[in-house]
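# Observations on chain architecture
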Amino acid sequence: MVKICCIGAGYVGGPTMAVIALKCPAVEVVVVDISVARINAWNSDQLPIYEPGLDDVGEEPLFSTDVEKHVFEADIIFVSVNTPTKTSGLGAGKAADLTYWESAARMIADVSKSDKIVVEKSTVPVKTAEAIEKILTHNSKGVNYQILSNPEFLAEGTAIQDLFNPDRVLIGGRETPEGQKAVQVLKAVYAQWVPEDRIITSNLWSAELTKLTANAFLADRISSVNSLTALCEATGADVTEVAYSVGMDSRISPKFLNASVGFGGSCFQKDILNLVYICECNGLPEVAEYWKHVIRINDNQKSRFVNRVVASMFNTVSGKKIAVLGFSFKKDTGDTRETPAIDVCKGLLADKASISIYDPQVTEDQIQRDLAMNKFDWDHPIHLQPTSPATVKQVSVTWDAYEATKGAHGICILTEWDEFKGLDYQKIYDNMQKPAFLFDGRNVVDTEKLRAIGFIVHSIGKPLDPWLT
Ligand code: NAD
Ligand code: UDX
């Protein structure tokens, strides 16, 4: 029996191993993590992540903190640890911090007594496999290691369906007979449920670079459409209509063209910054500049939103109650890493607003921690440990959209949760201060219906409310 051990029980490690355990009954699957709190949560009824369908996967891998035992016993080791942006030192604010990856690799070298296939599941800079190979082989006690790159393309909120039915699985390996043999071993695992023509193999560096490129392209589409929203607002064009017509071109496709308050999540910004840094290190400043703009447009989109709120509300939100509906970085997840809501709330707080937040999946502790934390600190495992966060006094968190909006001067919709489409906006309007403003950062509400109720509505990239012109 083959044994798989995955190091890192997070958004990627947990769901991916649950699906491998389900689809490959002949394989023993264990997920290990240094965070005792995380492993305890996986072993309880209160899973550490909210992911639709995860509860129903059925087959469960073993979750354990006994990292060394399971690594020692494994034939295939997936490494799915954090690779956040460096917060200090060389490359701070851009380069990937490989501390967690390197410590996992050193631990593998320390405990291994049999040959291992080590799989990069984390998103890493291109050429990381070479560094990992050096750490492993220089510390090996006669053990042979094969490093594979097998980047993960799942998106949060749809992780289970993405894993059951992936567009493609990519496996990169060394072009040696041993490297190719390892590729085939991993391919056989995925072939249990993924059609063979969707399992792509490549060299190691192509696989590593593909992951960064795919995320850069996806984020680029969002910044492209977001960059045009201000122009739509200024001219009376409607960004949804423009995106729909543009997306009908089969060369462009309709996906990932939803204008928004900005993209968030643990991957896009981090991976583009990583790509920028690699380009700079390879003497390619023009290419680095090109990708930096994707992030600049995203930052600009968030501050443009804050400016619109403040400017519309008579140039000040000081002492005014602003209800924030949605805090997670997208619907169907409780994940708040790099959510645009953090920057928007900080912008409103800087203008002395009083904020009341409702999100169906994010706790008060999490929100307070996010608003108190420095940029780039969020993805370092220390923050997984339960601590009492500093409290931002002007922020309150409720478990109900009606409570959050009661007595508010304005509402900001920052996540596209389905329930925000079906709220009783007449009731909400009746309980708000007048004039009642609504700023829709996700284009989820019916602008005309809300204007008919009496709201002053601003929707991203849509013709402006007559009040705002
Ligand atoms: P995560 O923070 O949810 O999980 C990572 C886990 O690794 C944490 O629980 C942490 O405690 C653990 N860990 C860190 N160092 C460890 C060590 N030395 N030994 C044992 N455990 C250790 O992160 P994630 O969202 O699952 O992302 C993991 C990787 O996958 C990152 O490189 C990310 O870029 C990439 N990725 C993420 C997504 C996503 O949607 N979240 C999608 C594709 C790829
Ligand atoms: C992304 C990639 O999609 C996935 O392939 C990769 O493995 C990890 O990074 P994720 O960050 O989980 O996944 O979610 P995604 O659906 O890509 O959304 C990222 C952000 O972009 C969210 O804030 C979302 O709201 C925003 N977005 C997405 C838009 O603003 N407009 C769109 O059209 C699509």
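Only a predicted model underlies this, so the values are computations on that prediction, with no experimental measurement involved.

Look at helix α12 (residues 285-312) against helix α13 (residues 340-350): their axes get within 9 Å of each other, and the N-to-C directions meet at 40°. Taken as axis vectors, α12 and α13 run oblique relative to one another. You can see that α12 and α13 cross each other, and the crossing is right-handed. Facing α12, whose interface residues are Lys 302, Phe 305, Val 306, Val 309 and Val 310, α13 presents Pro 340, Asp 343, Val 344, Gly 347 and Leu 348. Of the residues contributing to the contact of α12 with α13, the split by class is seven nonpolar, one polar and two charged.

Its volume calculated, the second largest pocket comes out at about 290 Å³. Lining of the second largest pocket is provided by 13 residues; of these, Asp 115, Ile 117, Gln 146, Lys 181 and Ala 182 occupy positions nearest its centre. Going through the elements one at a time, β5 (116-120), β6 (145-149) and α7 (177-190) are the ones with two or more residues in the lining of the second largest pocket. No other element matches α7, which puts four residues into the lining of the second largest pocket.

This model, assessed by the stated rule, comprises 13 aromatic pairs. Centre to centre, the rings of Tyr 290 and Trp 291 are 5.0 Å apart; their planes meet at 90°, and the pair counts as edge-to-face. Look at Tyr 290 and you get partly exposed, because its relative accessible area is 48%. For Trp 291, a relative accessible area of 10% gives the class buried. Above the ring of Phe 153, the side-chain terminus of Arg 168 is found at 3.6 Å from the ring centroid. We note Lys 434 situated over the ring of Tyr 429; from NZ or CZ to the ring centre the distance is 4.6 Å.

So, on to the site of ligand 2. Taken together, 20 residues lie near ligand 2, and Leu 154, Glu 156, Ser 260, Phe 329 and Arg 442 sit nearest. Residue Leu 257 places a main-chain N or O atom 3.4 Å away from an oxygen atom belonging to ligand 2. When isolated, ligand 2 has an accessible area of 660 Å², and the protein chains bury 90% of it. With four residues, the top contributor of residues to the shell around ligand 2 is helix α8 (residues 204-227). Partitioned by chemical class, the residues of the shell around ligand 2 number 11 nonpolar, four polar and five charged.

For ligand 1, the set of nearby residues contains 28 residues, the closest of which are Asp 33, Thr 83, Glu 156, Lys 270 and Arg 337. Within the side chain of Lys 270, a nitrogen or oxygen atom sits 2.6 Å from an oxygen atom of ligand 1. Within the side chain of Arg 337, a nitrogen or oxygen atom sits 2.9 Å from an oxygen atom of ligand 1. Here ligand 1 loses 97% of its free accessible area of 830 Å² to cover by the protein chains.

To continue, consider empty space enclosed by the protein. Taken as a whole, this structure holds three cavities of 30 Å³ or more when the rule is applied. Of the pockets and cavities examined, the largest cavity occupies roughly 40 Å³. Glu 120, Ser 122, Thr 123, Val 124, Ser 149, Pro 151, Ala 207, Glu 208 and Lys 211 together form the lining of the largest cavity. A per-element tally of the lining of the largest cavity places α8 first, with three residues. Counted as a void, the second largest cavity has a volume near 40 Å³. Taken together, Phe 263, Gly 264, Gly 265, Phe 268, Gln 269, Asn 298, Lys 302 and Glu 338 make up the lining of the second largest cavity. The set of elements that each furnish at least two residues to the lining of the second largest cavity consists of α11 (268-281) and α12.

A few words on the domain arrangement of the protein chain. Taken domain by domain, the protein chain holds domain 1 (2-201) and domain 2 (215-468). Computed over C-alpha atoms only, the centres of domain 1 and domain 2 are separated by 32 Å. Counting residues at the interface gives 26 residues for domain 1, matched by 27 residues for domain 2. Carbon and sulfur atoms supply 56% of the area that domain 1 and domain 2 bury against each other, a total of about 2300 Å² over both sides. Looking at the side of domain 1 facing domain 2, the largest losses of area belong to Tyr 50, Lys 94 and Glu 156, adding up to 29% of the total buried there.

Attention now moves to a nonpolar patch on the surface. On the surface, a cluster of nonpolar side chains totalling about 190 Å² of accessible area is made up of Val 242, Val 246 and Ile 252. With respect to the helices, strands and loops of the structure, Ile 252 is situated in the loop between α10 (239-247) and α11. By relative accessible area, Ile 252 is classed as partly exposed at 34%.

Moving on, we get to the environment of Tyr 290. Relative to the elements of secondary structure, Tyr 290 occurs in helix α12. Through-space distance from the C-alpha of Tyr 290 to that of Val 276 is 8.6 Å; in sequence the pair is 14 residues apart.

Moving on to α13. Among all positions of α13, only Pro 340, Ala 341, Ile 342, Val 344, Cys 345, Leu 348 and Leu 349 are buried. For α13, the elements touching its buried residues are α12, β9 (321-325), β10 (354-358), α14 (364-372), β11 (395-398) and β12 (410-413). Positioned one or two residues after α13, Lys 352 has a phi angle of 70°, which is positive.

Attention now goes to the confidence of the model for the protein chain. When pLDDT is averaged along the protein chain, the result is 95, and 97% of the positions lie at 70 or above. Overall fold confidence (pTM) sits at 0.96, and the ipTM for the predicted complex is 0.99.

A few words now on the sheet that holds strand β13 (residues 437-440). Pairing within the open sheet is parallel, and its six strands lie in the order β11-β10-β9-β12-β13-β14. Each edge of the open sheet is held by one strand with a lone partner, namely β11 and β14 (456-459). For this sheet the average axis-to-axis angle between neighbouring strands, irrespective of direction, equals 20°. With five bridges connecting them, β9 and β10 associate as parallel partners.

Reading guide: rules and limits
- Residues numbered from 1 in each chain as written.
- Chains lettered and ligands numbered in written order.
- Predicted model: local features only at pLDDT ≥ 70, side-chain atom pairs only at ≥ 80, totals over all residues.
- Heavy atoms only, no water.
- Axes fitted to C-alpha atoms, helices over the stretch in contact; angles between N-to-C directions.
- Helix = DSSP H or I, 4+ residues; strand = E, 2+ residues; numbered from the N terminus.
- Parallel < 35°, antiparallel > 145°, perpendicular 65-115°, else oblique.
- Left-handed = near helix turned anticlockwise from the far one by under 90°.
- Contact = heavy atoms within 4.5 Å.
- Nonpolar A, V, L, I, M, F, W, Y, C, P; charged D, E, K, R; others polar.
- 1 Å grid on protein atoms, 1.4 Å probe; cavity = no way out; pocket = protein on both sides within 12 Å on 5 of 7 lines; lining within 4 Å.
- Points joined across faces, edges and corners; volume = space filled by probe spheres on them.
- Phe/Tyr/Trp six-rings, centres within 6.5 Å; stacked < 30°, edge-to-face > 60°.
- Buried < 20%, exposed > 50% of the residue type's maximum accessible area, 1.4 Å probe, protein only.
- Lys NZ or Arg CZ within 6 Å of the ring centre and 35° of its normal.
- Near = heavy atom within 4 Å.
- Polar contact = N/O pair within 3.5 Å; in protein donor to acceptor, adjacent residues only side chain to side chain.
- Areas by Shrake-Rupley, 256 points an atom, 1.4 Å probe, with all protein chains shown as cover.
- Domains from an automatic or database assignment.
- Buried area = accessible area lost by both parts, 1.4 Å probe.
- Patch = residues over 30% accessible without salt bridge, like charges linked within 9 Å, V, L, I, M, F, W, Y side chains within 5 Å.
- Salt bridge = Lys/Arg side-chain N within 4 Å of Asp/Glu carboxyl O.
- pLDDT = per-residue confidence, 0-100.
- Pairing = 2+ DSSP bridges.

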